[in-house]
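For reference, the chains in residue letters:
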Amino acid sequence: MPQTDAAAVALARGGDSEAFHSLVDRHSRAVYRLAYRMTGSPHDAEDVVQETFLRAYKQLGRFESRANFGTWLHRIAVNCSIDLIRSRPHRETAHDGTDLEQFGAAVERNDRAGASPERLMMSTEVHERIAAAMTGLSAMERAAFMLRHFEGRSINEISQSLGLKTNAAKHSIFRAVRKMRIALEPFVAEPAARGSLIADH
Amino acid sequence: MTDLKHFDEDHLVLHFYGELDAGAAAQTETHLASCGDCRASYARLQRVMAAVDTLPDSVLPEGFERVTWARLQPSLQRSSGWRSWFVRVPGSLALASAILILVAGAFFAGRLSGTPERADIVTADQMRERVLLADLGEHLDRSQMMLVDLVSAEDGGVLDMSAERRRAGDLVTANRLYRQTADESGEVRVRELLDELERLLVDLAASPDTLSSEDMANVRARIDANGLLFKVRVLSTAVRERQKQMRPRAGQSS
């Protein structure tokens, strides 16, 4: 197995399948994790992993040998995730607040179901709540939020990538943050202060 | 963006992500320094975001890389070919690939369950379809035999999987081609079955050389739970029926 990514890429370009295999071994987990965050679905994430490596393989000739292979692959994976999300029918973010209310009500029900402040402070529960909140995001909200929060993409870049108007991209992020805030408020505020972050405004 | 006194949440989100222009950002900082309510709101927002940052990565099973490679390899070989591809691919499979390209779109589109066209005129397409049906039928039979072997394997300690792995690996490539053809032709049920079969084949191809009796029980349970063997048998029967319908009647040329 080649010691470095650069060596593996050089061999893979020459038709060495084992060298490419070593790149898959080294990077497939990271690609999956990114894809799962972006798509929120294990099946979609697996498809993105496949498509990412397939595209990388086809484009190996274009890879600059001085560049970082992981970074290059990461970019391809983001694009594959975006392509998959865009290929699905979606509505641009609605602004009637109905799903936010439903989301808030669901969180309240969970709270009443026995999550004491002490229990809620446990990190595993924090993670469960974040994960649950993530599942409450629409595909576009999730993708926009992930690109902004974890990938550091600007709203302009996100709107172009996702094929949304700038305002729609912005509102997808706002709504995602609101859902996160509703879900996580018990962990970050006094119970008495639970409710709107800006209730007094 | 703001009311008379305070910033709304959206504005604070933009500030948090550095999306405000320099002037608005400076104005926001000044306001936050002097407004306790907004400062508290912003601090809560920061804590929410910090909590989001603690989300751990998803846990992947051991052997994830093996499964990924087992699924990926056939596509890589097809996409442009490792140099050894044409050497390693069985001739019948290469032929099947060529045939698939020729008849894709014409084969699966409802024909397996539909009424055959007139059998008294044999076109070149029908000839190719016959060959493809024979290939697909053989593939399903081989898959069926493998499933039967797995379901009926003796439960006696550690099982040597090396032969099954090879069998599964051989079947994955062909299965993928048939699945993609079904997908492109909109034959959803066939595609779903082949997809299900492929997932099992991929896992088997990527399995270790030996499986414990517990692992084998899991494999059997997976086959049983999804009725996979039964579904493969049904599809295989449908293919054979179609083959019979395609056969020229006595006295007809083919």
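In this text, all values refer to a predicted model and were calculated from it rather than measured experimentally.

About the thresholds
Residues numbered from 1 in each chain as written. Chains lettered and ligands numbered in written order. Predicted model: local features only at pLDDT ≥ 70, side-chain atom pairs only at ≥ 80, totals over all residues. Heavy atoms only, no water. Helix = DSSP H or I, 4+ residues; strand = E, 2+ residues; numbered from the N terminus. Buried < 20%, exposed > 50% of the residue type's maximum accessible area, 1.4 Å probe, protein only. Contact = heavy atoms within 4.5 Å. Areas by Shrake-Rupley, 256 points an atom, 1.4 Å probe, with all protein chains shown as cover. pLDDT = per-residue confidence, 0-100. Axes fitted to C-alpha atoms, helices over the stretch in contact; angles between N-to-C directions. Parallel < 35°, antiparallel > 145°, perpendicular 65-115°, else oblique. Nonpolar A, V, L, I, M, F, W, Y, C, P; charged D, E, K, R; others polar. Core = buried A, V, L, I, M, F, W, Y, C linked by side-chain atoms within 4.5 Å. Phe/Tyr/Trp six-rings, centres within 6.5 Å; stacked < 30°, edge-to-face > 60°. Lys NZ or Arg CZ within 6 Å of the ring centre and 35° of its normal. Salt bridge = Lys/Arg side-chain N within 4 Å of Asp/Glu carboxyl O. Expected span 1.5 Å × (residues − 1). Left-handed = near helix turned anticlockwise from the far one by under 90°.

1. With respect to the overall build of chain A
Of the regular secondary structure elements, chain A holds ten helices and zero strands. Ordered by position from N to C terminus, the α and β elements of chain A give α-α-α-α-α-α-α-α-α-α. A total of 201 residues make up chain A; the buried ones form 49% of that total. At a minimum sequence separation of 6, the contacts of chain A that also span at least 24 residues come to 64%. Here chain A has roughly 9,600 Å² of accessible surface; of this, 49% comes from carbon and sulfur atoms.

2. Observations regarding the environment of L60 of chain A
Residues and elements named next belong to chain A. Mapped onto the elements, L60 comes out in the loop between α3 (42-58) and α4 (69-86). Separated by 47 residues in the primary sequence, L60 and R13 place their C-alpha atoms 6.4 Å from one another. The contacts of L60, once residues within four sequence positions are left out, are V9, A12, R13, F20, F69 and W72.

3. Quick word on the confidence of the model for chain B
Residue and element names in this part refer to chain B. For chain B, the average pLDDT comes to 75, and 73% of its residues sit at 70 or higher. In this model, residues 81-107 is a region of pLDDT below 50 whose contacts with residues beyond four sequence positions or in other chains number 44 contacts. Here residues 113-121 scores under 50 on pLDDT; set against residues more than four positions off or in separate chains, the count is eleven contacts.

4. Comments concerning the packing of helix α2 (residues 22-34) of chain B against helix α3 (residues 36-53) of chain B
Geometrically, a packed helix pair is captured by the angle between its two axes and the distance between the axes. All names here are of chain B. One way to put it is that α2 packs onto α3 with a least axis distance of 6 Å and a crossing angle of 110°. The angle between α2 and α3 falls in the class roughly perpendicular. Across from H31, L32, A33 and S34 in α2, the residues of α3 making contact are G36, C38, R39 and Y42. Taken together, the residues of the contact of α2 with α3 break down into four nonpolar, three polar and one charged.

5. With respect to the nonpolar core
Core analysis: the largest hydrophobic core is formed by 79 residues, its most contacted members being F20, M134, F145, L162 and M180 of chain A. For this core, the element with the highest residue contribution is helix α10 (residues 166-188) of chain A, accounting for eleven residues. Counting residues in hydrophobic clusters, the runner-up holds 35 residues, among them V172, L204, A206 and L228 of chain B.

6. What about the interface of chain B and chain A?
The parts lose accessible area when they come together, and the size of an interface is often stated as this lost area. The interface of chain B with chain A comprises 46 residues on the first partner and 50 residues on the second. Of all elements in the fold, only α1 (9-16), α3 and α4 (64-79) of chain B reach the threshold of two or more residues within the side of chain B that touches chain A. Here the element with the most residues in the side of chain B that touches chain A is α3 of chain B; it accounts for eleven residues. A breakdown of the residues in the side of chain B that touches chain A according to their chemical character gives 20 nonpolar, ten polar and 16 charged.

7. Considering the packing of aromatic side chains
All names here are of chain A. All told, the structure shown has eight aromatic pairs over all chains when counted by the stated rule. On the numbers, 5.5 Å between centres and 65° between planes, the contact of F20 with Y57 is edge-to-face. Placement of F20 in helix α2 (residues 17-39) and of Y57 in helix α3 is noted, with a sequence separation of 37 residues between them. Residue classification places F20 among the buried residues on the basis of a relative accessible area of 0%. Ring centres of F69 and W72 lie 5.7 Å apart, and the angle between their planes is 45°; this geometry places the pair in the tilted category. Here W72 and F69 lie together in helix α4, a separation of three residues that amounts to about one turn. Accessibility classification places F69 together with W72 in one group, the buried group. Among the aromatic side chains, those forming a connected cluster through ring pairs are F20, F53 and Y57. The ring of F150 carries R37 above its face, with NZ or CZ at 4.2 Å from the centroid.

8. Looking at the side chain of H15 of chain B
Residue and element names in this part refer to chain B. Structurally, H15 is set in helix α1. Owing to a relative accessible area of 10%, H15 belongs among the buried residues under this scheme. Those residues in contact with H15, other than ones at most four positions away along the chain, are L20, A25, T28, E29, L32 and Y42.

9. Focus on the pattern of salt bridges
Counting across every chain of the model gives 24 salt bridges over all chains. Across the pair R181 of chain A and E185 of chain A runs a salt bridge, and its minimum N-O distance is 3.9 Å. Pair noted here: R181 of chain A and E185 of chain A are both in helix α10, with a separation of four residues, about one helical turn. Residue classification places R181 of chain A among the buried positions, given a relative accessible area of 7%. The exposure class assigned to E185 of chain A is buried, which follows from its relative accessible area of 3%. With a shortest N-O distance of 2.9 Å, R181 of chain A and E9 of chain B are connected by a salt bridge. A residue pair is termed interchain when its members come from two chains, as with R181 of chain A in helix α10 and E9 of chain B in helix α1. Taken together, the shared-partner salt bridges connect E46 and D47 of chain A together with R71, R176, R179, D195, E198 and R199 of chain B into one network.

10. Section: helix α9 (residues 188-205) of chain B
End to end, α9 of chain B covers 25 Å across 18 residues, agreeing with the expected 26 Å (1.5 Å per residue, within 8%). Listed as buried for α9 of chain B are V190, L193, L194, L197, E198, L200, L201, V202, L204 and A205 of chain B.

11. Some remarks on the packing of helix α8 (residues 139-149) of chain A against helix α9 (residues 155-162) of chain A
All names here are of chain A. With their axes 10 Å apart at the nearest point, α8 and α9 run at an angle of 140° to one another. As judged from the angle between their axes, α8 and α9 are oblique. Our pair here, α8 against α9, has a crossing hand that is right-handed. For the pair α8 and α9, contact is made by M140, A143, A144, L147 and R148 and by I155, I158 and L162, respectively.

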